Structures are given as structure tokens and as C-alpha cells.
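Results of the structural survey
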Amino acid sequence: MRKIVLAGNPNVGKSLLFSRITRIKTVTANYAGTTVETNSGDIIYHENEYQIIDGPGLYSLEEFSTTDQIALDIIKDSDIIINVIDSTNLERNLNLTIQLLKMRKPMIVCLNFWEETTHKGITIDIRKLEQLLDVPVIPVSALQSTGVTELLSSIQNARISKLETDSNEQWSYIGNIINNVQRLQHRHHTLLERISDFTLHPVGGIISAIFVLFSTLFIVRFMGEGLINYVFDPLYSKLYSPFILDLVNKIPFDIIQGILIGQSPDPLQSFGILTSGVYIALIQVFPYFFSFYFVFGFLEDFGYLPRLAVVLDKLFHRLGLHGYSSIPVILGLGCKVPAFMATRGLSNRREKILTISLILMSVPCLSQSAMIVSLGMRYGVLSVVSIYVILAASAIIFNYILNKVYKKGDAPEFFTEFPSCRVPSAKLLAQKLRIRTVEYFAEVLPMIAIGVLLMNFLNALHILSFITDLIKKPINILLGLPPEIAPVMVMNFLRKDASVALLVPMNLNSHQFIIASIFLVLSTPCVASLFTLIKELGIWTALKITGLIFFATMLITSMLHLFFKVIF
Amino acid sequence: MIFKYKKTNPDAMKNSGMIKTSSNLNNSDNASNMNITQLNNGETAKVVKLYHNNKLIRKLEAMGIIPGTIITKKSSLLSNGPIIVEKGQFQFAIGYEMAQKIIVVNVD
């Protein structure tokens, strides 16, 4: 079986082409750096078996990063190369093409985004290009799924090019090819191009960023709440809950019943896997996860994300990070689970850890935020605002310290490529959403179930009540909070928004509310995000960070208590 | 930020005028050589030199930003923020420090 590799610059459509050829669905997006791992799939075409391999993009065969090395290894290992090119950026893409030709492997050039050349007034003479490169050249639109069959049937014609160029003269040779092969027509800027220019303008960029951030939060909140209230919650209480309680009650073993459905019919208190576990994972976390990826997928495919990264880069520099970290942090405003997953794209471990701590320290997830804001309003706007200000300040200070301690290696300098703004395809968006949903059920759901099981054991062994009794006194002294808050703090691990709601009957004054809210936001990550964290960083680092943040939380809240006592 | 060279870079030193050679004793062009950050927004310029001591600069070269290339500075963000550059259809942003390593000369 021959190995065919799809090689090309980042963001030229390799992954989408891969999907079209193999029918394997992958997550694609309109910015460089989407693909960080290799994907492969087997196909049979006209009785020939091939293994198609997709990998990260690279600009040159000279290695610049670990992902480049991955891409290089795949190419070296392959039998046939399909060089995927962005037809609207021919000159830049040809640099890699010529390097690939010199590897003297059978090769085909695939001109992707062919449908965009007409819009942009670009004409390319394919026959001429074939002559000059000495390999078949096939125009394709992966987006519209055209040209793929022609591409597959040309595999048999893949040839080893006899092109010879002097490496030093490579760019003038490329310039020569361009002059012979490409014609540019002047035409007016399209609306998309105008929008693109606006987002890159110094002031326009900031305006777009603010607009995008606010609309995202608004839409996600709206969608998340809507899904919970009108779809998932009724489904749970009217259909699932009675059904499962009935079913499990038929099981004669009390212990198993206890594990599966817990002690009480209220899913928030029962600790049963099939009740609490399902409730948390499905009813509370998933709607936000889904809504966020819905909006995020759109932003990804539109091509907005690199533009946001640029606007925020300066700000993130102060925190020892780069603009690209802004994407996970923005995600963290909604739900920390996709936020942590998004840190996979960051270039080194140090950036990953710093970004994750920033996410953990700076903002509560949307559902918890919603609770804090709506419940906090009775104490006045000032209380609510001060909560967020204190959180932001602690995050910045914490990150600053972490920055100093965790020394910089070779800090990557800021670079980002701006793809053209494109109208997202609804079909692709739906496909991505489906992939991410499946990922959620396969990975996050089991983690939540395990977390609930753990709490169940601790409860059954009376460890939970033991811990609760233990912390009552210190909580009172250090933080000035009533002893009833102790079980809520323990509960916080499972449900971050419910724990805020449980503050209501305690009749706290505004200072206590501020301290309690900050404690609930920072002390521990919720069970879903904790397990995602463990998956992303490994258990020791995850526990270290969590421990550090807990310690910082105690410090911050105690100081706040002291501050309030002294000043007021 | 001070440029730190890993090894002495005689080309750069000649260009900066620290080593006098016959070319720059008579060459007043050095005065008009500037880097991208000194261009006005929207100005077009030709790349003259890239200071080599950096992975990113080499990556930019791989993308066709080499001496002789015509580029446009699209915009810059706030003070010392990233600079947005355009070359034909290709748009990208680089950090301020990096942008200072790309020496250009005005074309108009």
C-alpha cells in the first residue's frame, strides 16, 4: 500500500481535502495551526490501495518548530507527495513546492481554493505551470468538493520532477514562474475584504474585538440558558429521572443503588453517577460547551481568530504570553473545559501552563458568572464589579509571579498569518460541532462520572462531613463566613453555579458575599475542568497548579477579610 | 530592547556604520535606511536586509520576505504593538522587535 502525504503551507485546506478524499471527518478551521497531529486514512481507488496522510503545514523544509519536524518526517516517510497549494497565494506557496520537487519523489501539485481565484481576479495558466514544474497540476475546490476525482485519477501520473534550480536563485526563479503563469486583474474590494481591513486597522481592530467578545458572551449565554431551560432540564426531570429512578430501584442491592442514584431524589445532592453525574455533565455543562463551540466554530472558519490575537497581543505580552493565548482565555469565559483543550495549539509547555493559570484565576465560567451577577445585584453594582476587579488583579499578580519564577526559555516571537475572511459553510460548521460533541461525550462525561463517584465514596465514608466539620472554625476566623458555608465549599467542586445559589439562604452581608464569591470562583476547578486539566498537563502538574491556586485563594480571601475588618 | 547577536555580524556592523568600509564611507544611503516600524501606515517599501540571527526571520524568508521584495505596511497597533505587513495577497503580523530587524527603503 502506497503512502500519499498531503504536504503544503499551513491553512491551505489540506485537512478539508483529506476529509473529502477519505470521508473521515476532521476538525478544520480558517487559520494556520489548526492541525497539530497527524491523521491518516486508507482508501481504495480503481483497485489501488493508498494510505492518505494529513499533517501540519509548513513553509519550508528547514525545520522551525516541533510541528514542522512532524510534518517533515511524514513527508520523508511517504511514497507519493500531493503538494496542496493556496491558489490565491501562489508565489509564497511555490517556495515549498520547489523544495518538495527536489526531494525527487513522485509528486502532484493540487491548486486548492481554485474557486477563489475568479473572485480575486487571478488567472493561472495550468498547462504552463505543469511544464515549468514538470509534474501534473490539478485545480481543486475542497470546499465545494470539485476536482477531487480528477485529483485521485491523476495519482497514477505522479512523476519525479526533473526541475533543477540553484537554491540561491530560488526566489527569482519563482518570480519567473509567476510572471509566466499568473495574471492579476484589478478589481474592487469585496465586502469581506473591507471587513478584513477594518479588523486590521488599529482602532477598527479594537472595536471589532469588543464587538465580537460581547456578542459571543451574549449569544452563548442566551443559547446556553435556552438549551438548559427548554430542552435539557425538562428532558431530565420529565423523562430521564423518573425512568432511571424507577429502573434502579428495582435493583435489589442497596449499595449499587447508592452508587448509581445516590441518597436523595435531588440530583444536586445525591452523588449518584446516573443522577448527579448525568445531570452535571449533560444538563449543566454540555449546553454551554455546545453553545460556545457553536459561536467559536463560526469565528474560526470566518478567519477572525488571528485578528483577535493581534489586538490582544500587547496586553498578553505583559503577562509573559502572546496573543495566541487569548483564544483559550476567551473560551474560558464560557467554560473552562474547551478552554483547556484549546491550549493544545500553544507552542510550548511554559505558555500552556501560564495560559491555563490565567484561565483558572481570572474569570469564572459563564454559568457561575451569571449566578454571581444576578444574585450579587441585590448587594449593588459596586459589589459585583469589585468581585471582578479583584479577580482580574489577582490573576495579573499571580501570573506576574509565575512569570518570574518559571523562567523563559527561548520565547517565541509573535507571528501570525492572516487568512482571508471567508463565509463559513453551514455544513462544515455542523460537522465540526458534531465532532466536538462526540469528543465531549467520549472524554468529559466519563470524567464527571468518576468525580461524582469519588464524592459519593467520600460521603459514604463520612469523610465529607468530617472535612466539613473540620473547616468550619477556620473558615469563620479567617474569612469571616458563617459555618453553614462549609458544605457549600465542598459542593463547589461538583457544581460551581449551584454553590453560588446556595449562598442565598445564608443572608450574608455584601463583604461576606464578595469574599464567598471569590472563594467559590478560585478555590478549586470544577470536576469537569479538573479532569480535563489532568488530561492536558498530566496529574502532577495539574495538582501542583490547583494546590498553588488554592493556597493563593486562601491568601487573597483572608487578606480581603482583614481589609474589610480594618477599613470598615 | 537591545539586539543581542550570537556571533559578531560584520554585515550588520558595516551597515550600522560601526565599521567603516569604503561602501559606507561614501554611502549616505545608510541614513535613509530604516526598518518597517519607521514607515507610515499604508506606505510601500522595498526590503533591503533582514537581520539573520533569528528563527522567525528565517521563517519569513521562507515565505518570500527577502531583499528585493516589495511590501506594504498596513498598520501598527498602539505603541510598540505588532506591525501588520502585506505582500501581495499575503498578510501577516509580527512583533515590534521583529519588525525592527527588517530594513527597508522607500519606493514611490
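Calculation criteria
- Residues numbered from 1 in each chain as written.
- Chains lettered and ligands numbered in written order.
- Predicted model: local features only at pLDDT ≥ 70, side-chain atom pairs only at ≥ 80, totals over all residues.
- Helix = DSSP H or I, 4+ residues; strand = E, 2+ residues; numbered from the N terminus.
- Buried ≥ 20, exposed ≤ 12 C-beta atoms within 10 Å, placed from the backbone.
- Pairing = 2+ DSSP bridges.
- Axes fitted to C-alpha atoms, helices over the stretch in contact; angles between N-to-C directions.
- Contact = placed C-beta atoms within 7 Å.
- Parallel < 35°, antiparallel > 145°, perpendicular 65-115°, else oblique.
- Left-handed = near helix turned anticlockwise from the far one by under 90°.

It is worth spelling out unusual backbone geometry at this point. If a residue is not glycine, its phi is most likely negative; likewise, a peptide bond is most likely trans. All names here are of chain A. One non-glycine residue with positive phi stands out, namely Arg104, at about 55°. Relative to the elements of secondary structure, Arg104 occurs in the loop between helix 3 (90-101) and strand 5 (107-112). The phi torsion at Asp134 lies on the positive side, around 70°, for a residue other than glycine. Secondary-structure assignment places Asp134 in the loop between helix 5 (126-133) and strand 7 (137-139). Overall, the presence of 14 C-beta atoms within 10 Å leaves Asp134 in the partly exposed class.

Moving on, we come to the sheet that holds strand 2 (residues 39-45) of chain A. Residues and elements named next belong to chain A. One open sheet holds the six strands; their spatial order is 2-3-1-4-5-7, and the pairing between them is mixed. The outermost strands of the open sheet, each flanked by one partner alone, are strand 2 and strand 7. Averaged over all pairs of adjacent strands, the angle between their axes in this sheet comes to 25°, without regard to strand direction. Helix 3 rests against strand 1 (2-7), strand 4 (80-86) and strand 5 of the sheet, and its axis sits at about 170° to strand 4. Running over the sheet, helix 5 touches strand 5 and strand 7 and is turned about 150° from strand 7.

Residue and element names in this part refer to chain A. Contact geometry of helix 16 (residues 349-362) with helix 25 (residues 539-567) gives a least axis separation of 11 Å together with a crossing angle of 40°. By the angle class used here, helix 16 and helix 25 are oblique. Pair helix 16 / helix 25 crosses with right-handed handedness. Of the residues in helix 25, those in contact with Ile353, Ile356, Ser357, Leu360 and Met361 of helix 16 are Thr541, Ile545 and Ile549.

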